[in-house]
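So the chains spell out like this:
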Amino acid sequence: MDSMGSPRLYIASEEDIINGKITDVYFVRTRKILEAKGLDKVRVRMEVHVSDLPRGYDWAVYAGLEEALRILEGKPLDVYSLPEGTLVRSGTPVMLIEGTYADMCLYETAVLGVLRQATSIATKAARIKKLARDRKVVFFGLRALHPAIAPSVDRAAFIGGVDAVSGYFSQEYLGVTPVGTMPHALIVVFGDNVEAWKAFNDVVEPGVPRIVLVDTFNDERVETLQAVEALKDKLYGVRLDTPRSRRGNMREIVEEIRWTLKAMGYPNIKIVVSGGINEKSLIELRDLVDMFGVGTSIAVATPVDISMDIVEVFRDGVWKPIAKRGKMPGAKKVYMCDVLDYEVTLWDEKPTRCYDDVLVKWLEGGRLVRDYPGVNNIRNYVISQLEKVPEPQAI
Ligand code: PCP
């Protein structure tokens, strides 16, 4: 708050989120009605499921579980979930929350928000990573979104499978080393690209690869040769972020750079391309480019729709299946055979084909009953699944 008591930034505090203040007003009214009419002790089983995939998507990477659990921790609720990072198809139950509806309704907005954002970003990152094959992908998309959610955005992209993220804070928040190159601003302030590159090499800690931007003032090939001349064996790579006004045929530009470097005796200089990279442009360049800097197309990913619906109510001493139209009543279990090959059954139904029960308890009475796996383990899990699925159709 500033001195006048106005918010400096229009962001919710962690406390407000965890206390259920960041919610839709109709949930506040609902809870008030239930309490007034003596229905606040009605127990329900609330199912969270992937309700709709974007056109052309066959699967989504389920992400956001850790933050969702941290919102629900301490509430008198039992929560079951698939592991974070599981590839799922449309309609798959990913979480089940059991308790009184009055105790969970204020958190529906926040839990869905966390799950939908993380799943949408992780899914897009996984698609891009799969399409990049053995090429590196670095997430450069923080500037596309509000900085308040930057840690969760980097986390989701990393879980989805990108090789690195650019957020300076990510070492502290995620325990992953951030990766970046240099902005055009550095070169513009020096007024001389070669001086700026040399200053980068002089000042930046030795472990950081010397990847220089080669499109600021001159043609990419001219600047690439200047960079080779200026940094010689210190040069690790060149980044092309060619402005759209000059972009033309990006593939031919990269081919020319690759060929020229080879002709000059520098076949191992890496080529990094960023700026507007999406699934289709990545496919056009992946045989020539060593690393992609992808921002907006991951950060502002097409939404994966996730819904939360009551599927059972405890009445007259028994759990009774009930759901709104369009939803499948009854609490469900998920038994895994292999990647994207699983069986969904009713809660007490015996599976017939797959037997690995993967919808497991995470919170009991609001208390965590298993350890969070950590972002590196989740990412490895996603990568191992991606190895078993075909390349998505680029959209
Ligand atoms: C952009 C900046 C972003 C890259 C491209 C991602 O270049 O490097 O990280 O772009 P995308 O969101 O379209 O995928 P500039 O806007 O030129 O910024 P800078 O000069 O700081 O590199």
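Residues numbered from 1 in each chain as written. Predicted model: local features only at pLDDT ≥ 70, side-chain atom pairs only at ≥ 80, totals over all residues. Heavy atoms only, no water.

## A short note on the overall build of the protein chain
Worth spelling out the cut-off: Going along the chain from the N terminus, every DSSP run of H or I of four or more residues is numbered as a helix, and every run of E of two or more is numbered as a strand. Exposure classes here rest on a 1.4 Å probe applied to the protein chains alone. A residue is buried below 20% of its type maximum, exposed above 50%, and partly exposed in between. Two residues qualify as a contact provided that any one of their heavy atoms is within 4.5 Å of a heavy atom in the partner residue. A 1.4 Å probe and the Shrake-Rupley method give the accessible areas. Residues count as covered only by the protein chains that appear here. Working convention for charge: Lys and Arg count positive, Asp and Glu count negative, and His plus the chain ends are omitted. To locate a charge, the coordinates of NZ of Lys, CZ of Arg, CG of Asp or CD of Glu are taken.
Counting its regular elements, the protein chain contains 15 helices and 18 strands. Projected onto the principal axes, the alpha-carbon positions of the protein chain cover approximately 80 × 60 × 35 Å. Among the 395 residues that make up the protein chain, the fraction classed as buried is 51%. Within the protein chain, contacts between residues separated by at least 24 positions form 68% of all contacts whose residues are at least 6 apart in sequence. For the protein chain, the accessible surface area stands at approximately 19400 Å², while carbon and sulfur atoms represent 52% of it. Distance from the positive charge centre (52 side chains) to the negative charge centre (55 side chains) of the protein chain: 3 Å.

## Some details on the pattern of salt bridges
Where charged atoms from two side chains of opposite charge come close, those side chains can pair. The condition that has to hold: By definition here, a salt bridge exists when the distance from a side-chain nitrogen of Lys or Arg to a carboxyl oxygen of Asp or Glu is within 4 Å.
A full pass over the atoms with the stated rule returns 33 salt bridges. Measuring nitrogen to oxygen at the nearest pair gives 3.8 Å for the salt bridge that ties lysine 136 to aspartate 163. With a gap of 27 residues between them, lysine 136 in strand 6 (residues 136–139) and aspartate 163 in the loop between helix 6 (150–160) and strand 7 (164–165) connect regions that are remote in the sequence. In this structure lysine 136 comes out as partly exposed when scored by relative accessible area, which is 44%.

## With respect to unusual backbone geometry
In this structure, lysine 232 takes a positive phi of about 50° despite not being glycine. Here aspartate 316, not a glycine, exhibits a phi torsion of approximately 50°, which is positive. In this structure, aspartate 316 sits in the loop between strand 12 (305–315) and strand 13 (318–321). Assessed through its relative accessible area of 71%, aspartate 316 is described here as exposed.

## Section: the pairing of strand 1 (residues 43–52)
Within a regular strand, side chains alternate between the sheet's two faces. Rules: A pair of strands is treated as paired once DSSP finds two or more bridges between them.
Of all 10 residues that make up strand 1, 7 are buried, and the element is covered over most of its length. Where strand 1 meets strand 5 (residues 93–100), 7 bridges bridge the pair, whose relative direction is antiparallel. Bridge pairing links methionine 46 to isoleucine 97 in strand 5.

## Quick notes on the environment of arginine 315
Note that arginine 315 resides in strand 12. Accessibility expressed as a relative area gives 43% for arginine 315, which makes it partly exposed. Once the C-alpha coordinates of arginine 315 and valine 42 are considered, the two residues, 273 residues apart in sequence, prove to be 7.9 Å apart.

## Concerning the sheet that holds strand 5
Put simply, the rule reads: For helices, the fitted axis covers only the stretch in contact; all axes are lines through C-alpha atoms, and the angles between them, taken along N-to-C directions, range from 0 to 180 degrees.
Strand order across the open sheet formed by 7 strands is 13-12-1-5-3-17-18, with antiparallel pairing between neighbours. One side of each edge strand has no neighbouring strand; the edge strands of this open sheet are strand 13 and strand 18 (367–368). Taken together, the 3 bridges between strand 3 (residues 78–81) and strand 17 (residues 360–364) define a ladder with antiparallel strand orientation. Across the sheet, the residue bridging to serine 81 is valine 360, located in strand 17. Strands strand 3, strand 5, strand 17 and strand 18 of the sheet are contacted by helix 3 (residues 65–72), whose axis makes an angle of about 35° with strand 17. Lying over the sheet, helix 5 (residues 108–131) contacts strand 1, strand 5 and strand 12, oriented at roughly 140° with respect to strand 12.

## Comments concerning the environment of leucine 87
Tracing the chain through its elements places leucine 87 in strand 4 (residues 87–88). For leucine 87 and tyrosine 62, which are 25 residues apart along the polypeptide, the C-alpha to C-alpha distance reads 6.3 Å. Sequence-distant contacts of leucine 87, defined by excluding residues within four places in its chain, comprise Trp59, Ala60, Val61, Val339, Leu340, Tyr342, Gln385, Leu386 and Val389.

## Looking at the packing of aromatic side chains
For the record, the criterion: Centre distance within 6.5 Å is the pairing criterion for rings of Phe, Tyr and Trp, where only the six-membered ring of Trp is used; planes under 30 degrees apart are then read as stacked, over 60 as edge-to-face, and the remainder as tilted. In this analysis the charged atom, NZ for Lys or CZ for Arg, is taken to sit over a ring once it is within 6 Å of the ring centre and within 35 degrees of the ring normal.
Enumeration according to the criterion identifies 5 aromatic pairs in this entry. Measuring from centroid to centroid gives 5.7 Å for phenylalanine 169 and tyrosine 173, while their planes differ by 85°, and the two rings are edge-to-face. A centroid spacing of 5.1 Å and a plane angle of 65° characterise the contact between phenylalanine 314 and tryptophan 319, whose relative ring orientation is edge-to-face. Taking the relative accessible area as the measure of exposure, tryptophan 319 reaches 23% and is therefore partly exposed. Above the face of the tryptophan 347 ring, arginine 45 is positioned so that its terminal group lies 5.5 Å from the ring centre. Over the face of the ring belonging to phenylalanine 158 we find arginine 379, whose NZ or CZ atom lies 5.4 Å from the ring centre.

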